[in-house]
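# Observations on the three-dimensional arrangement
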Amino acid sequence: MPNHPLSLMTFRIFLCLIFIPLLSFAQRTVPEHGGKWVHDEANVLSEATKSELEKILKAERDSTSNQIAVLIIPSLDGDAFEDYSLRVAEKWKLGQKDRDNGVLLLISINDKLVRIETGYGLEGVLTDALSSRINRNEIAPHFRQGDFDGGVKAGVMAIIQSIKGEYVNDAPPTTQKRKRKSSPLFTLLVILVIIILAAKRRGGGGGGGWSSRGGWIGPIGGGGFGSSSGSWGSGSDFGGGGGFGGGGSSDSW
């Protein structure tokens, strides 16, 4: 590789132009919230069920301020389930900022996976073990019969009951909890870092690098590439965005 600073700079820019599009394609798109709390991207729910669930979730928000949302997708398209779930919860800003009381029920039809993503503030009542019981004992039996309306309604009601301390289904899970899979995004990032470090070692420094916040700082000026999260306007009933740390459970049916 050429050691000239300009050539090294050009090479790094070339790497970014190649890998940044690859990283974006490795992630499944998160739909806009749009003021809906039940998103059926796979079209498996009846209109009556979606309307009923919207009313149930609104009543829960009005009475407790807890914000529960449902997202059903056709497939993960190779994305990591837990990573995608967190991205949805954070983009939709579920829960109030000072209470972290959001919950996401995520379902991937073709992958036969269901996950309850729990905000920090509700992890004490909607525990990982309890989330797994809900997935396996309330949702999965309906799904195995092709009854998605019944499974989603049962799951939502069990989540609400669990938060209130009223869920009493003590049947143990029938199988072990699904292990977290590594994300293609992480693998690509590791490869990119290795290539850039190797180029920097050969070129003797200079020309940009990774910032402390994880974004690429280009060789010209101080700009960089990084993630950002938007917020909903004042007309919505969002609480400002609660925190999520991966609490909950991913299970199959």
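All values derive from a computational prediction rather than experimental measurement.

### Some thoughts on the overall build of the protein
Within the protein, the secondary structure is distributed over six helices and eight strands. Along the protein, helices (α) and strands (β) appear in the sequence α-β-α-β-α-β-β-α-α-α-β-β-β-β when read from the amino end. A total of 253 residues make up the protein; the buried ones form 44% of that total. Partitioning the contacts of the protein with sequence separation of at least 6, the portion at a separation of at least 24 is 74%. Carbon and sulfur atoms make up 55% of the accessible area of the protein, which totals about 12,900 Å².

### A look at the packing of helix α4 (residues 128–144) against helix α5 (residues 148–164)
α5 packs onto α4 with a crossing angle of 160 degrees between their chain directions and a minimal axis gap of 7 Å. The angle between α4 and α5 falls in the class roughly antiparallel. The hand of the α4/α5 crossing is right-handed. For the pair α4 and α5, the contacting residues are Leu130, Ile134, Glu138, Ile139, His142 and Phe143 in the first and Phe148, Gly150, Gly151, Val152, Ala154, Gly155, Ala158, Ile159 and Ser162 in the second. Partitioned by chemical class, the residues of the contact of α4 with α5 number nine nonpolar, five polar and one charged.

### Let's talk about the nonpolar core
Membership of the largest hydrophobic core comes to 47 residues, with the highest contact counts inside it found for Leu105, Ile107, Val152 and Ile159. Every element with two or more residues in this core is listed here: α2 (47–64), β2 (67–73), α3 (81–92), β3 (102–108), β4 (113–119), α4 and α5. No other element matches α5, which puts seven residues into this core. For Ile107, the contacting residues outside a window of four places in its chain are Leu71, Ile72, Ile73, Leu113, Val114, Phe143, Val152 and Trp253.

### Details of unusual backbone geometry
A positive phi angle is found at Asp100, which is not glycine, with a value near 50 degrees. Considering the arrangement of structural elements, one finds Asp100 in the loop between α3 and β3. One non-glycine residue with positive phi stands out, namely Lys112, at about 55 degrees. Along the chain, Lys112 falls in the loop between β3 and β4. Its relative accessible area of 42% is what places Lys112 among the partly exposed residues.

### As for the side chain of Ser249
Structurally, Ser249 is set in strand β8 (residues 244–252). Taking relative accessible area as the criterion, Ser249 reaches 0% and is therefore assigned buried. Of the polar contacts made by the side chain of Ser249, one reaches the side chain of Asp251; its length is 2.7 Å.

### Quick word on the environment of Phe143
Within the fold, Phe143 resides in helix α4. Leave out the neighbours within four places in its chain, and Phe143 touches Ile107, Phe148, Gly151, Val152 and Trp253.

### What about the confidence of the model for the protein?
In the predicted model, the protein carries a mean pLDDT of 76, and 60% of its residues have values of at least 70. Contacts for the low-pLDDT stretch residues 173–182, under 50 throughout, to residues beyond four places or in other chains number 22 contacts. Low pLDDT, under 50, characterises residues 205–238; the stretch is placed with 54 contacts to residues that sit more than four places away or in other chains.

### Considerations on α2
Compared with the 26 Å implied by 1.5 Å per residue over 18 residues, the 26 Å span of α2 between its first and last C-alpha is a close match. Looking at α2, one finds that the buried residues are Thr49, Lys50, Leu53, Leu57, Glu60 and Arg61. For α2, the buried positions fall inside an angular range of 105 degrees around the axis, keeping them on one side. Exposed side chains of α2 directed beyond 90 degrees from the buried face belong to Glu47, Ala48, Lys55, Asp62 and Ser63. Directly beyond the C-terminal end of α2, a positive phi value near 75 degrees is found at Ser65.

### Comments concerning the pairing of β4
Most of β4 is tucked away, with seven of its seven residues classed as buried. Side chains of β4 alternate between two faces, with Leu113, Arg115, Glu117 and Gly119 and Val114, Ile116 and Thr118 buried alike. Pairing of β3 with β4, which is carried by six bridges, proceeds in the antiparallel orientation. Looking across to β4, one finds that Ser108 is bridged to Leu113. As consecutive antiparallel partners, β3 and β4 are separated by four residues, and within that stretch Lys112 has a phi angle of approximately 55 degrees, a positive value.

### Re α5
For an α-helix, the turn length of 3.6 residues means that residues three or four places apart are oriented alike. For α5, which comprises 17 residues, the first-to-last C-alpha distance of 24 Å matches the rise-based estimate of 24 Å (1.5 Å per residue) to within 8%. Among the 17 residues that make up α5, twelve are buried, leaving the element largely enclosed by the rest of the structure. Of the positions making up α5, those classed as buried are Phe148, Gly150, Gly151, Val152, Ala154, Gly155, Val156, Ala158, Ile159, Ile160, Ser162 and Ile163. Buried residues along α5 sit against α2, β2, β3, β4 and α4.

Thresholds applied
- Residue positions are counted from 1 within each chain, in the order its sequence is given.
- Where totals are concerned, whole chains, interfaces and linings use all residues; where local detail is concerned, this predicted model gives features only for residues with pLDDT of at least 70, and gives and counts side-chain atom pairs only at 80 or more.
- To get the side-chain values, take all heavy atoms of the structure and skip hydrogens and water.
- Numbering of helices and strands runs from the N terminus; a helix is a DSSP stretch of H or I covering at least four residues, while a strand is a stretch of E covering at least two.
- Partly exposed residues are those whose accessible area sits between 20% and 50% of the maximum for their type, while under 20% is buried and over 50% is exposed, using a 1.4 Å probe and protein chains only.
- Contacts are assigned to residue pairs with any non-hydrogen atoms lying within 4.5 Å of each other.
- In short, Shrake-Rupley with a 1.4 Å probe defines the accessible areas, and a residue's cover is counted only from the protein chains shown.
- Helix axes use the C-alpha atoms of the stretch in contact, all axes being lines fitted to C-alpha atoms, and the angles between their N-to-C directions lie in the range 0 to 180 degrees.
- Working rule for angles: under 35 degrees goes down as roughly parallel, over 145 as roughly antiparallel, 65 to 115 as roughly perpendicular, anything else as oblique.
- Handedness of a crossing is defined here by the sense of rotation of the near helix relative to the far one, left-handed for an anticlockwise turn of less than a right angle and right-handed for a clockwise turn.
- Classification convention: Asp, Glu, Lys, Arg as charged; Ala, Val, Leu, Ile, Met, Phe, Trp, Tyr, Cys, Pro as nonpolar; all other residues, Gly among them, as polar.
- Here the nonpolar core consists of buried residues drawn from Ala, Val, Leu, Ile, Met, Phe, Trp, Tyr and Cys, with membership extended through side-chain atoms lying within 4.5 Å.
- The definition of a polar contact used here is a pair of N or O atoms within 3.5 Å, where within protein one atom must be able to donate a hydrogen and the other to accept one, and adjacent residues in sequence count solely through side-chain atom pairs.
- Known as pLDDT, the predictor's per-residue confidence is scaled from 0 to 100.
- One fewer than the residue count of a helix, multiplied by 1.5 Å, yields its expected span.
- To be clear, the arc concerns the directions from the helix axis to the C-beta atoms.
- Strand pairing is assigned whenever DSSP identifies at least 2 bridges connecting the two strands.

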